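Given next are the chains, with one letter for each unit.
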Amino acid sequence: MLQAIAEEISLRLVANRVISIEKRKYYTYGIELVLNNLLIFLSITLIGVLTRKILISLIYALTYCPIRNYVGGYHCKTYMRCYFTTLLLYISMLLFDTYLADNRLIVSYILIAIAIPVIFIFTPVDYGNGPISDDDRKKYRVKSIVLITIAIVGFILANVLHQTEISFAISWGIFMVFSLMLLSLFSNSSESRRKK
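Note that the structure is a prediction, hence the values are computed from the model and not measured.

A. Representation of the overall build of the protein chain within the structure. What the protein chain contains, in helices and strands, is seven helices and zero strands. Going from the N terminus to the C terminus, the protein chain shows its helices and strands as α-α-α-α-α-α-α. Considered along the principal axes of its C-alpha atoms, the protein chain spans approximately 55 × 45 × 30 Å. Classification of the 196 residues of the protein chain by burial places 36% in the buried group. Intrachain contacts of the protein chain at a sequence separation of at least 6 include 75% that bridge at least 24 residues. Of the roughly 12000 Å² of accessible surface on the protein chain, 66% is carried by carbon and sulfur atoms. Treating the 20 positive side-chain charges of the protein chain as one cloud and the 12 negative ones as another, the clouds have centres 3 Å apart.

B. Representation of the packing of aromatic side chains. Per the counting criterion, the structure on display carries eight aromatic pairs. With centroids separated by 5.9 Å and ring planes inclined at 40°, the aromatic side chains of Tyr60 and Tyr90 adopt a geometry described as tilted. With Tyr60 in helix α3 (residues 54-71) and Tyr90 in helix α4 (residues 79-99), this residue pair connects regions lying 30 residues apart in the sequence. Judged by relative accessible area, Tyr60 falls into the buried class, the value being 0%. Ring pairs connect the aromatic residues Tyr60, Tyr64 and Tyr90, which therefore count as one cluster.

C. Summary view of the state of the cysteines. By the definition in use, this model includes zero disulfides. Cys82 takes part in no disulfide bond, and the closest cysteine sulfur to it belongs to Cys76, at a distance of 5.5 Å. By relative accessible area, which is 22% here, Cys82 ends up partly exposed.

D. Quick peek at the pattern of salt bridges. Counting across every chain of the model gives five salt bridges. Glu8 is the partner of Arg12 in a salt bridge, and the nearest nitrogen-oxygen pair spans 2.9 Å. Taken together, the residues Arg12 and Glu8, both in helix α1 (residues 2-15) and four residues apart, mark about one turn of the helix. The exposure class assigned to Glu8 is partly exposed, which follows from its relative accessible area of 37%.

E. Quick look at α1. In a regular helix each residue adds 1.5 Å, so 14 residues correspond to 20 Å; α1 covers 20 Å between its end C-alpha atoms and thus fits that length. For α1, every residue scored as buried is listed here: Leu2, Ala6, Ser10 and Val14. When α1 is viewed along its axis, its buried side chains cluster within an angular range of 105° and face the same direction. Facing away from the buried surface of α1 by more than 90 degrees, the exposed residues are Ala4, Arg12 and Ala15. Residue Arg17 follows α1 closely and has a positive phi angle near 60°.

F. How the structure looks around helix α2 (residues 24-50). Here α2 is 27 residues long and its end C-alpha atoms lie 38 Å apart, about the 39 Å a rise of 1.5 Å per residue gives. Turning to α2, its buried residues number three or more, namely Arg24, Thr28, Ile31, Glu32, Leu35, Asn36, Ile40, Ser43, Ile44 and Gly48. Each element contacted by the buried residues of α2 is listed here: α1, α3 and α4. Looking at the residues trailing α2, positive phi occurs at Arg52, about 60°.

G. Main features of a nonpolar patch on the surface. Where nonpolar side chains cluster on the molecular surface, the patch consists of Val153, Ile156, Leu157, Val160 and Leu161 and spans about 470 Å² of accessible area. Inspection of the secondary structure puts Ile156 in helix α6 (residues 134-160).

Each value, and the rule that gives it
- Residues numbered from 1 in each chain as written.
- Predicted model: local features only at pLDDT ≥ 70, side-chain atom pairs only at ≥ 80, totals over all residues.
- Heavy atoms only, no water.
- Helix = DSSP H or I, 4+ residues; strand = E, 2+ residues; numbered from the N terminus.
- Buried < 20%, exposed > 50% of the residue type's maximum accessible area, 1.4 Å probe, protein only.
- Contact = heavy atoms within 4.5 Å.
- Areas by Shrake-Rupley, 256 points an atom, 1.4 Å probe, with all protein chains shown as cover.
- Lys, Arg positive; Asp, Glu negative; His and termini not counted.
- Charge placed at Lys NZ, Arg CZ, Asp CG, Glu CD.
- Phe/Tyr/Trp six-rings, centres within 6.5 Å; stacked < 30°, edge-to-face > 60°.
- Disulfide = S-S within 2.5 Å.
- Salt bridge = Lys/Arg side-chain N within 4 Å of Asp/Glu carboxyl O.
- Expected span 1.5 Å × (residues − 1).
- Arc of directions from axis to C-beta.
- Patch = residues over 30% accessible without salt bridge, like charges linked within 9 Å, V, L, I, M, F, W, Y side chains within 5 Å.

Below is the structure:
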């Protein structure tokens, strides 16, 4: 569905001479990504409004999405799988936030303590669409570290202000990035062994 919409938009851009036919495939891909991210963000916002958890939903999305873009890690093969996987990770945050209400703070610290060192050591991880160039690797690493540092400052501030729901949302977002990073590292390692 997203691909068809992106194809139609890029075709109209070519017809209106906004882009050249040679660049259409790149624009189509970019439009697909934007549409997918927009659909995910709107779904998270809607679920946040319906569950009356809009603030932690937005905090989670603003932590997870930017960091995920630069850290890398496992990527689904289709937009539909990506959409449902992202929503599953988000809904798991809402469920754990509810059921861990009394232990949110300690769980948040544990998640951060596990995820941060691994992310700092391995970022960025190849996406599976081919290796990342050395120049991009350096840029992604710097951006990853800056975004993680901002998230950690937010995490500390939330804890100082006794906002355990916010600190939990930040730690869960970081931990989900870490989880997808690990999944990619293990699958890349397994694939390397199979090729040998």
